[in-house]
Structure formats: structure tokens, C-alpha cells
Amino acid sequence: MNWTLEVVPVPVSDMDRAKDFYAGKVGFKLDLDDQVAPGMRIIQLTPPGSRCSIAMLHGMPPFPGEKPMAPGSLQGLQICVTDIEAAREELVAKGVDVSPVRHVGATGWEEGKGDTWNSFMTFADPDGNGWVVQEAPSELSAR
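Now for a description of the structure that goes with this document. The shown structure was predicted, so the numbers you read here are calculated from the model rather than taken from an experiment. (Residues numbered from 1 in each chain as written. Predicted model: local features only at pLDDT ≥ 70, side-chain atom pairs only at ≥ 80, totals over all residues. Heavy atoms only, no water.)

Attention shifts here to the overall build of the protein. Along the protein, the regular secondary structure elements total two helices and nine strands. When the helices and strands of the protein are listed from N to C terminus, the series reads β-α-β-β-β-β-α-β-β-β-β. Projected onto its principal axes, the C-alpha positions of the protein cover 50 × 40 × 25 Å. Burial statistics for the protein: of 143 residues in total, 33% are counted as buried. Considering only contacts within the protein whose residues lie at least 6 apart along the sequence, 52% involve residues at least 24 apart. For the protein, the exposed surface amounts to about 8800 Å²; the carbon and sulfur share of it is 54%. In the protein, the 12 positive side-chain charges and the 20 negative ones have mean positions that sit 2 Å from each other. (Helix = DSSP H or I, 4+ residues; strand = E, 2+ residues; numbered from the N terminus. Buried < 20%, exposed > 50% of the residue type's maximum accessible area, 1.4 Å probe, protein only. Contact = heavy atoms within 4.5 Å. Areas by Shrake-Rupley, 256 points an atom, 1.4 Å probe, with all protein chains shown as cover. Lys, Arg positive; Asp, Glu negative; His and termini not counted. Charge placed at Lys NZ, Arg CZ, Asp CG, Glu CD.)

Because the α-helix completes a turn every 3.6 residues, residues three or four places apart line up on one side. Taking 1.5 Å per residue as the helical rise, helix α1 (residues 15–26) with its 12 residues ought to reach 16 Å, and the 15 Å between its terminal C-alpha atoms agrees with that figure. Every buried residue of α1 is listed here: Met 15, Ala 18, Phe 21, Tyr 22 and Val 26. Along the axis of α1, the buried positions cluster into a sector of 130 degrees, meaning they face one direction only. Exposed residues lying more than 90 degrees from the buried face of α1 are Asp 20 and Gly 24. Tucked inside the fold, the buried residues of α1 contact β3 (40–46), β4 (53–58), α2 (84–93), β8 (120–124) and β9 (130–135). Where α1 starts, the residue carrying a side-chain oxygen 3.1 Å from the main-chain nitrogen of Asp 16 turns out to be Asp 14. Backbone geometry just after α1 places Gly 27 at a positive phi near 90 degrees. (Expected span 1.5 Å × (residues − 1). Arc of directions from axis to C-beta. Polar contact = N/O pair within 3.5 Å; in protein donor to acceptor, adjacent residues only side chain to side chain.)

Let us look at the pattern of salt bridges. Note that side chains of opposite charge can pair when their charged atoms are close. Considering all chains together, one arrives at eight salt bridges under this definition. The partner of Asp 127 in a salt bridge is Arg 17, with the nearest N and O atoms 3.1 Å apart. A residue pair is termed long-range when its members are at least 10 positions apart, and Asp 127 in the loop between β8 and β9 and Arg 17 in helix α1 qualify at 110 residues. Residue Arg 17 is classed as partly exposed on the basis of its relative accessible area, which comes to 35%. Through salt bridges with shared partners, a single ionic network connects Asp 16, Lys 19, Asp 33 and Arg 41. (Salt bridge = Lys/Arg side-chain N within 4 Å of Asp/Glu carboxyl O.)

Bear in mind that shape data such as this cannot, by itself, settle questions of function.
So this is what it looks like as C-alpha cells:
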């Protein structure tokens, strides 16, 4: 049996602002923006080429035993691209505050690209949820 990661909840304070950021600036595809019941809204977006989406929820009761996340508390969510420099240029052109490309070197984090699997950049959404972008040597289907 496969266990596939399909949806990751992202805690935000303003659904419309987050939707504008992820769809308009970062380039995620808007899959769903729906009021599923009175006062309960779901926005689901998917990074280009990904099988896993993010979901922003408002008014939804938590699952039994689930601990709520405060807006901005999600950190280290990682996505991969095959050309990190082109991805950075695209984000910067759309107004996203993105870090320089960095790699892990002999002294810790160093600026510039590293070897295979060792090039990263970071950005955050308007609430401070932190993302890591890593350069992969090929598309997932080719690995």
C-alpha cells in the first residue's frame, strides 16, 4: 500500500491575502476556493508539477486530538526545482522576498550554488510560514 502525501495545511491569518500570494506571486495553481459549510472555507493550491497541495482552512473544527497551528508557525516546508537560479529570478520578478541561493559548505551556509542536491533558497508567506526551495538534478518522474 502506498502512503502518499497529498495535502499539507498551512496556517494563515488572512485567506485572501494568502491566496493572492501563493497563486499570484509564487505561481501555485488554485484548485479550490469553497465554502464547504456556513463559516467554513477551504482554499487548496498546488505547486506546478506537484502531486501534493497546500490547504488553508478557516472555520473548520480541528480533527479530534489535533493541535492547532498559529499563523506563521509552519517552517521548513520544502519544494524542489530543477533550476534554482531561474526559480529565484521568477520569484523576485513577482515581488517575493527570497533569499540568495546558498549551499552547505565547510563553514556552514555559504552563498552560491553547491554540488548536486546542495543548492537552496528560502522565502516566507505574508504570515511568516517558511519555505525551502532545493535544486534537484532532475524531475521527480526521472529519478
